[in-house]
Amino acid sequence: MTEEIKKGLAGVVVDTTAVSKVVQETNSLTYRGYPVQELAAKRNFEDVAYLIWNGELPTEEQLAEFKAREHAQREISPELVDIILGLPKDAHPMHVVQTAVAYLGAVDPDADTEGEEANLEKAERLYAQLPTIVAIDHRRRHGLDPVAPTTDLDYAANFFKMVFDEVPAEEVVRSFDISMILYAEHSFNASTFTARVITSTTSDLYSAVAGAIGALKGPLHGGANEAVMAMLEEVGTADRASAWIDDALARKAKIMGFGHRVYKNGDSRVPTMRKAFEDMAAVKGANDLLDLYNTFEEDFVSRKGIYPNLDYPSGPAYHLMGFDTDQFTPIFVMSRITGWTAHILEQQANNALIRPLSAYDGEPQREVPDARG
Ligand code: CMC
């Protein structure tokens, strides 16, 4: 029997979803029907998180209640703080976040409680606590004590306060908030699909999120935002971009932050994030980095016709905001927790075990020889 292999599940439609829509022909992305670039222009991350979970944008009253719940749940237990502080300082921040999520599952007596309400509560709590976890990890790596979460600042400003003990200029906070909106959801990408596979076995939400974090870490997926910055730092200056690309292509290396499984003619999130990066470059006076960014992009696109994805502008934008390069992907986690958990709820509501087939190409069936001696 010859089965048709769909390597990487490319082009395979696995299930329906009402959370977001990726349109390959127009390279567009909508969350619950709203174009992502319009959400980024008109709304904050909190509105978008609410939308992703609840299907509609919040009224003023609903938003106030939602924010109050998030503010009230930001603090993490002293036991979890100790666990983070006890991890090696050079542990990858994605492993730290994954460990923290697994711990939160271990101590939640309702970890296995089923039902939309119980699981939405867990999702909201993770959304509230992930910034605290990422911020504590940042500070311990720099030999600094944790800064307690505030109960009054909005999501993005509170995160900056916990990481740097100060809230930066409004443009910086806004650029960060925009990145959170753009990263929040993206249909059946590798990490979301991982979360859905785990959920399909009727495992719990924490296990699904921990698995999704593992999938996101890889440089072909979320890890690309840190890989982009590492690459730009290696290239160094705009005048070196062309020779660097020659060498990388000769080695058949993948250029980080370019290309996409679905979008082949550009990613609709890029112009918005690119503008946010340009705003950062203006605030920080980082003309050299902007020059390198533009030169590198023009050169690579003109050679290969492969366009930047969201990670290309977000990496250098996070760098200019002052975050460590290896913390860019945990920041992505803080946003994508919304999309992952919306998909977990959707999978739970209409579950079928995800269990594909494989085509065997190993040894033909054979007889086990008698044991020696
Ligand atoms: N650099 C160099 N060549 C590339 C790149 C790239 N970034 N992307 C695609 N190609 C080439 C690829 O080598 C292949 O060439 P050929 O036909 O000669 O073998 C051709 O383009 C088609 O690529 P593909 O591998 O079939 O595309 P894919 O859909 O399997 O891969 C991708 C998509 C994202 C894995 C790939 O573009 C890539 O590795 N990009 C770099 C990593 C990256 O930026 N990842 C973030 C993705 S978007 C955000 C997210 O999901 O988190």
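Residues numbered from 1 in each chain as written. Predicted model: local features only at pLDDT ≥ 70, side-chain atom pairs only at ≥ 80, totals over all residues. Heavy atoms only, no water.

**Overview of the pairing of strand S1 (residues 20–23)**
Logical step 1: Summarising the sheet, S1 and strand S2 (residues 28–31) pair through four bridges and their orientation is antiparallel. For Val22, the partnering residue across the bridge sits in S2 and is Leu29.
Logical step 2: Joining the antiparallel neighbours S1 and S2 is a turn of four residues, in which Asn27 adopts a positive phi near 55°. (Pairing = 2+ DSSP bridges. Helix = DSSP H or I, 4+ residues; strand = E, 2+ residues; numbered from the N terminus.)

**Considerations on the packing of aromatic side chains**
Logical step 1: Evaluation of the coordinates by the stated rule reveals 26 aromatic pairs.
Logical step 2: For the pair Tyr127 and Tyr155, a centre-to-centre distance of 5.3 Å together with 15° between the ring planes defines the contact as stacked. Of this pair, Tyr127 sits in helix H6 (residues 116–141) while Tyr155 sits in helix H7 (residues 155–164); the two residues are 28 residues apart in sequence, bridging distant segments of the chain. By the burial criterion, Tyr127 is buried, and Tyr155 matches it.
Logical step 3: Ring-pair connections join several aromatic residues into one group, and the members of that group are Phe159, Phe160, Phe164, Phe176, Tyr318, Phe323 and Phe328. (Phe/Tyr/Trp six-rings, centres within 6.5 Å; stacked < 30°, edge-to-face > 60°. Buried < 20%, exposed > 50% of the residue type's maximum accessible area, 1.4 Å probe, protein only.)

**Let's talk about a negative patch on the surface**
Logical step 1: Among the surface-exposed residues, Asp110, Glu116, Glu117 and Glu121 lie close enough to one another that they form a single negatively charged patch.
Logical step 2: Tracing the backbone shows Glu121 in helix H6.
Logical step 3: Residue class for Glu121 comes out partly exposed when judged on its relative accessible area of 46%. (Patch = residues over 30% accessible without salt bridge, like charges linked within 9 Å, V, L, I, M, F, W, Y side chains within 5 Å. Areas by Shrake-Rupley, 256 points an atom, 1.4 Å probe, with all protein chains shown as cover. Salt bridge = Lys/Arg side-chain N within 4 Å of Asp/Glu carboxyl O. Lys, Arg positive; Asp, Glu negative; His and termini not counted. Charge placed at Lys NZ, Arg CZ, Asp CG, Glu CD.)

**What to know about helix H2 (residues 45–54)**
Logical step 1: H2 sits mainly inside the fold: nine of its 10 residues count as buried.
Logical step 2: Of the positions making up H2, those classed as buried are Phe45, Glu46, Asp47, Val48, Ala49, Tyr50, Leu51, Ile52 and Trp53.
Logical step 3: Gly55 lies just past H2 and shows a positive phi near 90°.

**A short note on the pairing of S2**
Logical step 1: Pairing geometry for S2 and strand S3 (residues 34–35), over two bridges, is antiparallel. Considered in S3, the bridge of Thr30 is made with Pro35.
Logical step 2: In textbook terms, the turn of a hairpin is the stretch between consecutive antiparallel strands, and for S2 and S3 this stretch comprises two residues, one of which, Arg32, has a positive phi near 50°.

**So, the packing of helix H8 (residues 170–183) against helix H15 (residues 311–321)**
Packed helices, taken two at a time, are described by the angle their axes make and the gap between the axes.
Logical step 1: As a packed pair, H8 and H15 sit with axes 11 Å apart at the nearest point and diverge in direction by 145°. Considering the relative orientation of H8 and H15, their crossing is left-handed. Contacts between H8 and H15 involve Val172, Ser175, Phe176, Ser179, Met180 and Tyr183 from the former and Asp311, Ser314, Tyr318 and Met321 from the latter.
Logical step 2: The class makeup of the residues in the contact of H8 with H15 is six nonpolar, three polar and one charged. (Axes fitted to C-alpha atoms, helices over the stretch in contact; angles between N-to-C directions. Left-handed = near helix turned anticlockwise from the far one by under 90°. Contact = heavy atoms within 4.5 Å. Nonpolar A, V, L, I, M, F, W, Y, C, P; charged D, E, K, R; others polar.)

**Some details on the UniProt feature "active site" (unreviewed entry) in the chain**
Logical step 1: Here, the residues flagged by UniProt with the feature "active site" (unreviewed entry) are His260 and Asp311. In terms of the greatest pairwise C-alpha distance, the residues named above, spread along 52 residues, form a tight cluster of at most 10.7 Å across.
Logical step 2: Relative to the helices and strands, His260 resides in the loop between helix H12 (241–250) and helix H13 (270–284).
Logical step 3: Beyond its immediate chain neighbours, meaning those up to four positions away, His260 contacts His186, Arg269 and Asn309.
Logical step 4: Within the local environment of His260, its side chain forms a polar contact with the backbone nitrogen of Tyr263, the two atoms lying 3.3 Å apart.
Logical step 5: Under the relative-accessibility criterion, Asp311 is labelled buried at 8%.
Logical step 6: There is a polar contact of 2.4 Å between the side chain of Asp311 and the side chain of Tyr183. (UniProt positions renumbered as here; feature names shortened; annotations may be inferred. Polar contact = N/O pair within 3.5 Å; in protein donor to acceptor, adjacent residues only side chain to side chain.)

**A closer look at the site of the ligand**
Logical step 1: Near the ligand there are 20 residues, and of these Ile255, Gly257, Phe258, Arg261 and Asn309 occur at the shortest range.
Logical step 2: Between the ligand and Lys264 there is a distance of 3.3 Å, counted from an oxygen atom to a side-chain nitrogen or oxygen.
Logical step 3: Protein chains bury 67% of the 930 Å² of accessible surface belonging to the ligand in isolation.
Logical step 4: Considered class by class, the residues forming the shell around the ligand number 10 nonpolar, six polar and four charged. (Near = heavy atom within 4 Å.)

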